[in-house]
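Structural features, examined
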Protein chains: 2
Amino acid sequence: MTITDVARAAGVSVATVSKVVNGRYGVASSTAERVLEVVAQLGYETSLVASSLRRSRTNVIGILLAGFDPFATEILKGISAEAVGKGYELLAYSGAISDDNAVGWERRSLSRLGGTLIDGAIILTPTVSVPTSSVPVIAVDPHTGSGGPSTIDCDNIEGARAATRHLIELGHTRIAHVRGRTDLESALLREQGYRDALEAAGIAYDPGLVRDGGYRAAWAIDAARELLTLPDRPTAVFAANDLSAFGVMEVAHELGLRIPQDLSIVGFDDIPEAGSATPRLTTIAQPLQEMGARAVTMLIALLEGREVEAHVQLPSRLVVRRSTAPPPEPNAP
Amino acid sequence: MTITDVARAAGVSVATVSKVVNGRYGVASSTAERVLEVVAQLGYETSLVASSLRRSRTNVIGILLAGFDPFATEILKGISAEAVGKGYELLAYSGAISDDNAVGWERRSLSRLGGTLIDGAIILTPTVSVPTSSVPVIAVDPHTGSGGPSTIDCDNIEGARAATRHLIELGHTRIAHVRGRTDLESALLREQGYRDALEAAGIAYDPGLVRDGGYRAAWAIDAARELLTLPDRPTAVFAANDLSAFGVMEVAHELGLRIPQDLSIVGFDDIPEAGSATPRLTTIAQPLQEMGARAVTMLIALLEGREVEAHVQLPSRLVVRRSTAPPPEPNAP
DNA sequence: CTGAAAGCGCTAACAC
DNA sequence: GTGTTAGCGCTTTCAG
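Read on for a plain summary of the structure. (Residues numbered from 1 in each chain as written. Chains lettered and ligands numbered in written order. Predicted model: local features only at pLDDT ≥ 70, side-chain atom pairs only at ≥ 80, totals over all residues. Heavy atoms only, no water.)

Looking at the pairing of strand E10 (residues 282-285) of chain B
All names here are of chain B. Keep this limit in mind: Pairing between strands is defined by DSSP: at least two bridges between the two strands are required. Each helix is a run of DSSP H or I of at least 4 residues and each strand a run of E of at least 2, with the numbering of both proceeding from the N terminus.
Of the pairings in the sheet, the one linking strand E9 (residues 264-269) to E10 comprises four bridges and is parallel in character. Looking at E10, one finds that phenylalanine 268 is bridged to isoleucine 284. Here three bridges tie E10 to strand E12 (residues 317-319), and the two strands are oriented antiparallel to one another. Across the sheet, residue isoleucine 284 finds its bridge partner in E12, namely leucine 318.

Looking at the protein's contact with DNA strand C
Heads up, the rule is: Nearness is judged by heavy atoms alone; a residue qualifies as near a molecule or strand once a single heavy atom is within 4 Å of it. Pairs of N or O atoms are called polar contacts if they sit within 3.5 Å, as long as, within protein, a hydrogen donor faces a hydrogen acceptor (for residues adjacent in sequence, only side-chain-to-side-chain pairs). Charged means Asp, Glu, Lys or Arg here, nonpolar means Ala, Val, Leu, Ile, Met, Phe, Trp, Tyr, Cys or Pro, and polar covers whatever is left, Gly included.
Around DNA strand C sit 24 residues, and of these A:Ala28, A:Thr31, A:Arg54, B:Ile3 and B:Tyr44 come closest. Backbone atoms, meaning sugar and phosphate, make up 63% of the atoms of DNA strand C lying within 4 Å of the protein. Between A:Ala28 and DNA strand C, the recorded distance is 2.7 Å, taken from a backbone N or O atom to a phosphate oxygen. Contact between DNA strand C and B:Ala50: a base nitrogen at 3.3 Å from a main-chain N or O atom of the residue. Every element with two or more residues in the surface near DNA strand C is listed here: helix H2 (14-21) and helix H4 (48-54) of chain A together with helix H2 (14-21) and helix H4 (48-54) of chain B. Taken together, the residues of the surface near DNA strand C break down into 10 nonpolar, 10 polar and four charged.

Some thoughts on the interface of chain B and chain A
Here is the rule: We call two residues in contact whenever any of their non-hydrogen atoms come within 4.5 Å of each other. The term buried area denotes the loss of accessible surface (1.4 Å probe radius) that occurs when two parts are joined, taken as the sum for both partners. Any carboxyl oxygen of Asp or Glu within 4 Å of a side-chain nitrogen of Lys or Arg constitutes a salt bridge here.
The partner chain A presents 44 residues to the 44 residues of chain B that form the contact. Both faces considered, chain B and chain A share a buried interface measuring about 3700 Å² in area, 58% of it formed by carbon and sulfur atoms. Taken as a group, B:Val49, B:Phe68 and B:Arg112 account for 20% of the area that chain B buries against chain A, more than any other trio of residues on that side. The tally of links between chain B and chain A comes to four salt bridges. In this assembly, chain B and chain A are joined by 16 residue pairs in polar contact (both at pLDDT 80 or more). Elements supplying a minimum of two residues to the side of chain B that touches chain A: H4, helix H5 (70-83), strand E2 (89-94), helix H6 (105-113) and helix H11 (272-276) of chain B.

With respect to the pattern of salt bridges
All names here are of chain A. Here is the rule we go by: Whether a residue is buried, partly exposed or exposed follows from its accessible area with a 1.4 Å probe, protein chains only, as a fraction of its type maximum: under 20%, in between, or over 50%, in that order.
As enumerated under the stated definition, the model contains 40 salt bridges over all chains in all. A salt bridge links aspartate 5 to arginine 8; the shortest N-O distance between them is 3.3 Å. In this pair, aspartate 5 and arginine 8 are both assigned in helix H1 (residues 3-10), three residues apart and thus about one turn of the helix distant. Its relative accessible area of 62% is what places arginine 8 among the exposed residues. The shortest N-O distance in the salt bridge between aspartate 262 and arginine 258 comes to 3.0 Å. Residue class for aspartate 262 comes out buried when judged on its relative accessible area of 13%. The network of salt bridges with shared partners includes Glu158, Arg161, Arg165 and Asp196.

Remarks on the pairing of strand E8 (residues 236-239) of chain B
In the case of a regular strand, side chains alternate between the two sheet surfaces. Residues and elements named next belong to chain B. Let me state the cut-off plainly: The path from the first strand over the helix to the second decides the hand: if it runs clockwise while the strands point away from the viewer, the crossover is right-handed.
Of the two faces of E8, the one carrying Ala236 and Phe238 and the one carrying Val237 and Ala239 are both buried. In terms of strand pairing, strand E6 (residues 175-179) meets E8 through four bridges, oriented parallel. Looking at E8, one finds that histidine 177 is bridged to phenylalanine 238. Here three bridges tie E8 to E9, and the two strands are oriented parallel to one another. Residue valine 237 lies in a different strand from E9, and its bridge partner there is isoleucine 265. With helix H10 (residues 242-254) bridging E8 and its parallel neighbour E9, the resulting β-α-β unit is right-handed.

Looking at the side chain of B:Arg211
Residue and element names in this part refer to chain B. Within the secondary structure, arginine 211 sits in strand E7 (residues 210-212). There is a polar contact of 2.8 Å between the side chain of arginine 211 and the backbone oxygen of glycine 208. Apart from the residues lying within four places of it in its own chain, the contact partners of arginine 211 are His177, Val178, Arg179, Ala223, Glu226, Leu227 and Leu230.

Structure below.
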C-alpha cells in the first residue's frame, strides 16, 4: 500500500496524490475527490518513515527511555494526558539495552531518531548530559543541572531531608541509606539530603550504613542483605526510590524482621505500587504525572519557537503510610 | 551527522562506511578501523528512518496503543522486561487521537509504521478487528476472537462471574454493572459473566442497573451518578475495569455513601492504583505484565518464522480488599 | 492544474 | 577492497 498504488488506481501521478493527501492547493476538486475516494477505499496511510525522511516536521514527539519501569510509565501517563488534542503523536522509544551500552543510550537514541523521525524529544533520566542535538530536548530527572537542555525534576534534596527527618522524629538514630544511581544527579541530591538531616539532628554520619542500590530492586536486595545482617543493624532504612525500598522489604521479610515494628522503611517517588505494597510504603511523592505534563508543555513551546525556563523544579512531599514506626527499643533518655 | 559526513571525514565512500557500520565483509581491516574511529569521534549513529526504508528488517517491535493509560503501561512493563536482552528495540506509538479517529486508530498506526519501521507489532485493545497486515501482529485484549491475528487475553467471563459471585455471597441482590467499551470483546464477556452469576443465584437481571462506562473514569462518573441516585439504589456495583470503579468511588464519596458499609464496589484489571485507592479496591486481577511478556514471546516466534497459538488465555483471579462488605440492610430471611 | 524529476540517508548489487 | 549506482516512499520545486 504505497502512494504509487494509489496514484495508479486513481489514474494520476504520485505528486498529485501527495498534494491531495497533504491538503495542498493547486488540485482540481474533482481530482481531489477521486483521489480521496481511492485513498479511503484502499485504506492508504502515508508512511511515517518515508515522509519524515523528506519533510522537516512530523508532528511526532519522541520520548526516549531506558525501559518501561514504573517511574517511566508514570511520567508517560502525564505526557499522554497532556498531549491529547494538541495534534502531536507520541513515540516512546527504548533502544536495545545491554550491559555495554547501559550508559549513553540517550545519545544513541537521539541520533537514531532525531532530525527526521521526531520533532523534539523528552528524555527520561539520561545517564549522561545530553549533547546539543538537532531537535529540541527536555530532560526529566537529568544527569546534571547545567549546560544541557531544559530540565525538570522535583525537590530531591528537601524530599530526602523530609524522609530522614521523619525517621529521626520517630526516634531512629541508626538510619541506613540505599543510594540511587550514582550517575544521576537526583541520587546524589537524595544522599545529600539524608546527610543534611542527620547532621541537623546531631547524628553522626556513618558510611557503613550506606550502600549502592542503583535505583533497582535487584541491587537493593544485595545492599539490604548486607545492611540488615550488620552486627548492630539499622532500625530504619531510607531507600533512594520505591523500587529499592521494595527490595529492602523483601530482605526484611526473608530475615523475619517485621515492618514497621522491627524495621522502618521510607522510599522515594510514590509510584502507584508504593500504596499497594504490604505494608503500604511511606515515601516521598514526586508529582510524576505533572512532571510529564510540564515536559510536554515546555517541548511544544520550544517547537513553536518560544523560550522556556532552563530548569523547572516541582515540590516533593512526604506521604506517611504504614512502613514507618518508632524503633523497637526506644532510645532511653 | 549523516553517513556522508562520516565518509567525507574518513576519506572513503558512503558504501564503505555502511559496510563497516553493519559489519559486512569485504573491507580492509585498516580501513574499517579508521572508519570506526571517525564514527566514534563524530558520534554517528545510523538513522533508523533511512535504514528502515531500505532494509527489510529493523529489529524494532512496535507497540500500538491509543494512549498511555494504567492498563497499557502495565502491559508495557511486561513487554519491556521480557524484551530486554533479546536484541529488539521497543517503539510504543500512540497516534494523535481525536474524536473522529477514536475508532480505527490501530489500522492507521499500522500502515503508518508497518512494512518499514517495525518488524512486527503488538496492538493493545484494538477497537476493530485488525486487518491482515504486512507485518506479524499480536493483539492483546482484542476486539474479536477469530479470523484476525493471534490474541492474548485473560479469562474475562470467569473473572466477571467471580466478581459478581463474591458480591452475591456477601448478601447483595441489587448489584449494578458499569459496562466497559462495548466495541471490545472483553467488555461483552464481562457483562455476560455478570449475568451468568446473577442467573446462577436466581437473581433476576435488571437492565435498569446496567450503564455504559466505556472503561473510562469520566464516563463511569456519569453512569454512577445515575445508578446511585436511583429510588431503590443498588447496594453493590461491579465495574468493568478499575478506572470505572474509581469513578464510582468518587461519586459515592460525593453522595456521602460510605464504602463498603453503604456501597460495595468490585473492579477489574488490578492495576497498581487499585491497591492504593481508599479504600483499597476489591478487583479481578489480570496478569497484565505476564500478558505483555507472552505477547513478546509470541511475536518473536512469529518473526523467526515459527508457528504460534491462535489464542492464549491467562487466568483471572479475585483479589478481595476493602471495598466490599455485606449490604447495609441484610436481606431478612 | 498536473506530472516529471530531484533528493532525503541509507543499503545492496555490481563494476572496477 | 572499494566506489558507483539504483532505488526504498515520499514531498517539493519547476516545467509544461
